[in-house]
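Structural features, examined
So you can see what is in the structure, the chains are spelled out below.
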Amino acid sequence: MTQTAVGRIGQLVARTDAPPKVKGEFAYASDLIVPGMLWGHTLRSPHAHARILEIDISEAVSMPGVHAVLTHEDVPGEKRYGLEFADQPVLAIDRVLYYGEPVALVAAEHPEQARRAAARIRVEYEPLEPVADMTRATELPDLHPEKPTRGHGYREDDRPNVVRHMVIRHGDPDAEGDVSVSGVYEIGSQDQAFLGPESGLAVPDGAGGVDIYVATQWLHVDRAQVAPCLGLPLESVRIHLGGVGGAFGGREDLSMQIHGALLALHTNRPVKIVYNREESFTGHVHRHPAHISCEHRATRVGRLVNVRMQILLDGGAYASSSTAVASNAASFAVGPYEVPNALIESTALYTNNPPCGAMRGFGAVQTCFASEAQMDKLAAALGIDPVELRLLNALAPGDVLPTGQKITGSLPIAETIRAAAALEPPAPEPLPRTPIRLPGGAGNTTRGDGVKRGLGFAVGFKNIAYSEGFDDYCAARVRLLADGSAEVHCAAVEVGQGVTGVILQVARTELGIDDVRLAPSQTSTVDSAGSASASRLSWMAAGAVRDACRAALEERERRPGEEVDVERIYRHPRTTPLDPETGQITGERAHVAFAACAMKVVAEVDVELGLTRVVWIGAAQDVGKAINPQQVEGQIEGGTAQGLGLALMEEIQTRDGRITNASFTDYLIPTALDMPPVESVLIEDPEPDAPYGLKGVGEPPTVVSTAAIVSALRAATGRELVRVPVRPDDIVF
Amino acid sequence: MRITVFVNGEERQADCWEGESLLFALREKLGFPGSKNACEQGECGSCSVLLDGTLVCACLVLAVQADGHEVTTVEGLASGEELHPVQQAFVDAGAVQCGFCTPGLVVAAVDLLRRSPDPSDDELREALSGNLCRCTGYAKIFDAVRAASRA
């Protein structure tokens, strides 16, 4: 769909995709229908760890309506793929390593026929003991003895099941303080729970190639993984963006892309695959569950002296982006504070639990929860106001991070903290009151006798864009047409975050015209945009579109009256890897830039029933420059909601590696009754290296809100609350 | 079996297997993909439609149960290019991000405002609590419904 926008940078601009979305006319990947289309279905492993002895498809292939039943033997090219390391089979070969791992595929006339045929595929498994406990993973049999992540510049670590082990040594890791506080924290596994399930349509082109219309986060990296498995050159695989119903990291890894293409090429018919909700829970990676031990040492007046943290992250069965998550968790472990000494150890592990990878906040969520709990604990131990303690230690430009990187760009931590702290929470509501305003809502049958109110605070930060030497770039192509209009091509993926609006605002601003259209995102008309992740895409796409627009105007000056068609690639300033032994920078910076958010939270807890209610959240966010203030607020409100979910209700539960709550009946996400009003303040301190000074805004609120909400629950209950999601039992018993 | 459903005022027919939901029939057979398939077990409200004027999850209604009945989907709310006031308010308030929940929320909000033209905040939250949104944190959705109630 071609899109047109009104409005320029900094203006409140209505989204161009909003009218078709409110009318039900926007085509999501699951809405695609073409004549002659078949339905694909994936048979998945019922075991978290098992050997496959035999797969018998003979009965399934003769079922009504069935056109194909495929196993690993039908994968014509590479048998394995992966976002960063090709360690994951397209279809299980001789073993399965997680519950829900794809084993076989069916294409049939009707989705129910496909499901029923899949149920008739006979797979003989020999169940094996799962590696289910990350804290014991290095003592258990190695699930990946081939060590797929070795040789990529990480620290050598031969222990079984280590995906990446990294250590940051900063200053004197043995430095003592006047006071010390310790804690052990646990973070449950969170699901992205985007509402639009994994979906796509694969259409054979009749010449051996395939077009895949899919909901994804990065078109070109999908192609780079799909084509080798199909045994096809890149140009024979064209990935087109199908409408995306939310992503939050969960669409970085492949879902149906290779599977759909295999079925389509095998049957020579278009094949559509749509996961149901249960399948979606097994069909994408999750947020890493974490186990974090911390010790914070400080002077009597509250200056941090030394932070020591050990972080374990359960990566599940395959690597996905665990190496980068481990690094991010370590890089942001201390929080936005200046500390002269630190010893941070971060280890991502293979287990037979559901695979984990990218989710909004990417490692920084887990460590922010732990380190902000520690800051509250330290404030209590010292008798210092928690906000004052944070201000006393706040990072500022010129300060040095534990990785040795000096802050050179924008990072207004103190201003952000002050702005959030200055927000005035609402007065306590009298009791008794309407039950839906009690903790637990209408389910609370008391008169509010056990309700306590608490005020919490937290601040956090994370990197923007890809780090550690990754060649992070974005392409844009601009055509100036004879009729005076312009057409922009960019493979940037609209996942709901509003990047299409940013692209159009930039193009209109740079070209000085209103008539600008954005062409559909696909791999064949423009180079890669990189991923819709790491809070990077507004920055990167704005840079690429700006550069392409300026080049197009120059070209037009050289050749007046002619049509212009130019493509430009934008790169942010180069980053370099961290030293594998010390975790110290090997160049000027390992992260290109940072963004922060601070939150003040009022929560009520019924301490007798263990029920909670978040009453109000005040947020201040360091946004660089708000390109579209309404959309920035939307990111803050939505990002805060996801952190609230992790704080209070969201956890993928497993038993021996099997997910036991793969539905919205059993995995709860915040509803309209759970979300408090979020009052937000935008701190505009332009990022010098970014186009227009903008910073990505998607992740910081999610990084912080879990920590801030639990801080308020602690204030209300006096409990330590070291684990999220906080359960009623944690409050009552 | 062959069913006849009056969708947004038009008579439509489709051959349905008895196990198919109204949602599947609307999306895949009757040409109304606006109602969304997010959970298909009545938890998320993305498939909210009006069945003879009553708000239902289309995933929990069998297609054959709708035989001979009237269904209003999100596609039936606008008058040509002119959006329904609730739809316009969603656009103006920034209540749409990925938009997958939007059709269900729009239908639920239309239903709410029909029953209660000027809902209190508590009423609003309760009425929309059966519609999950993962992107917005609901704030701008509340803004939109409040604006539509004043329109």
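Residues numbered from 1 in each chain as written. Chains lettered and ligands numbered in written order. Predicted model: local features only at pLDDT ≥ 70, side-chain atom pairs only at ≥ 80, totals over all residues.

Attention now moves to the overall build of chain B. Per the secondary structure count, chain B includes 5 helices and 5 strands. Starting at the N terminus and ending at the C terminus, chain B contains elements arranged as β-β-α-β-β-β-α-α-α-α. Its C-alpha atoms give chain B a radius of gyration of 15 Å, near enough to 15 Å, the size a compact globule of 151 residues would have. In terms of its C-alpha atoms, chain B occupies a principal-axis envelope of roughly 45 × 30 × 25 Å. Buried positions account for 60% of the 151 residues belonging to chain B. Considering only contacts in chain B between residues 6 or more positions apart, those separated by 24 or more positions represent 60%. (Helix = DSSP H or I, 4+ residues; strand = E, 2+ residues; numbered from the N terminus. Rg over C-alpha atoms; globule rule 2.2 N^0.38 Å. Buried ≥ 20, exposed ≤ 12 C-beta atoms within 10 Å, placed from the backbone. Contact = placed C-beta atoms within 7 Å.)

Take the interface of chain B and chain A next. For interface size, the figure often reported is the accessible area lost on association. In this assembly, 45 residues from chain B lie in contact with 50 residues from chain A. Counting only elements with at least two residues in the side of chain B that touches chain A, the list comes to helix H2 (85–93), helix H3 (102–115), helix H4 (121–128) and helix H5 (139–150) of chain B. A per-class count over the side of chain B that touches chain A returns 21 nonpolar, 14 polar and 10 charged. (Nonpolar A, V, L, I, M, F, W, Y, C, P; charged D, E, K, R; others polar.)

A word on unusual backbone geometry. All names here are of chain A. Looking along the chain, the bond that leaves Leu431 and enters Pro432 is cis, with omega of -10°. Here Pro432 is to be found in the loop between helix H10 (413–422) and strand E19 (451–464). Cis geometry is adopted by the peptide bond preceding Pro725, which originates at Val724 and carries an omega value of -5°. As for its placement among the helices and strands, Pro725 is situated in the loop between strand E29 (723–724) and helix H15 (728–732). Here the phi dihedral of Glu468 falls at roughly 50°; this positive angle occurs in a residue that is not glycine. You can call Glu468 buried: it has 21 C-beta atoms within 10 Å.

Residue and element names in this part refer to chain A. Taken together, the 6 strands give an open sheet; going across it, the order is E10-E18-E17-E16-E11-E29, and neighbouring strands pair in mixed fashion. Each having just a single partner strand, strand E10 (162–170) and E29 make up the two edges of the open sheet. In the packing of helix H8 (residues 364–382) onto the sheet, contacts are made with strand E11 (179–187), strand E16 (290–298), strand E17 (304–316) and E29, and the angle to E11 comes to roughly 150°. (Pairing = 2+ DSSP bridges. Axes fitted to C-alpha atoms, helices over the stretch in contact; angles between N-to-C directions.)

This part takes up the confidence of the model for chain B. Residues of chain B with pLDDT of at least 70 account for 100%, and the chain-wide mean is 97. Both scores are given for the predicted complex: the pTM is 0.97, the ipTM 0.99. (pLDDT = per-residue confidence, 0-100.)

Here we come to helix H14 (residues 700–717) of chain A. Taking 1.5 Å of rise per residue, the 18 residues of H14 of chain A would be expected to cover 26 Å, and the 27 Å separating its terminal C-alpha atoms lies within 8% of that figure. Of the residues flanking the end of H14 of chain A, it is Gly718 of chain A, one or two places downstream, whose phi is positive at about 75°. (Expected span 1.5 Å × (residues − 1).)

So, about the sheet that holds strand E24 (residues 593–606) of chain A. Residues and elements named next belong to chain A. Here 4 strands make up an open sheet; going across it, the order is E19-E24-E25-E28 and the pairing mixed. Edge strands, defined here as strands with exactly one partner in the open sheet, are E19 and strand E28 (678–683). Averaged over all neighbouring strand pairs, the angle between strand axes comes to 15°, with direction disregarded. As paired elements, strand E25 (residues 611–622) and E28 share 6 bridges and run parallel to each other. Within the sheet, the bridge partner assigned to Asp622 lies in E28 and is Ile683.

For the rest of this paragraph, the subject is the pairing of E19 of chain A. All names here are of chain A. Counted residue by residue, E19 has 11 buried out of 14 residues, so it is predominantly covered. For E19 and E24, the ladder comprises 14 bridges, and the chain directions are antiparallel. In the sheet register, Asn463 faces E24, and the bridge partner there is Phe594.

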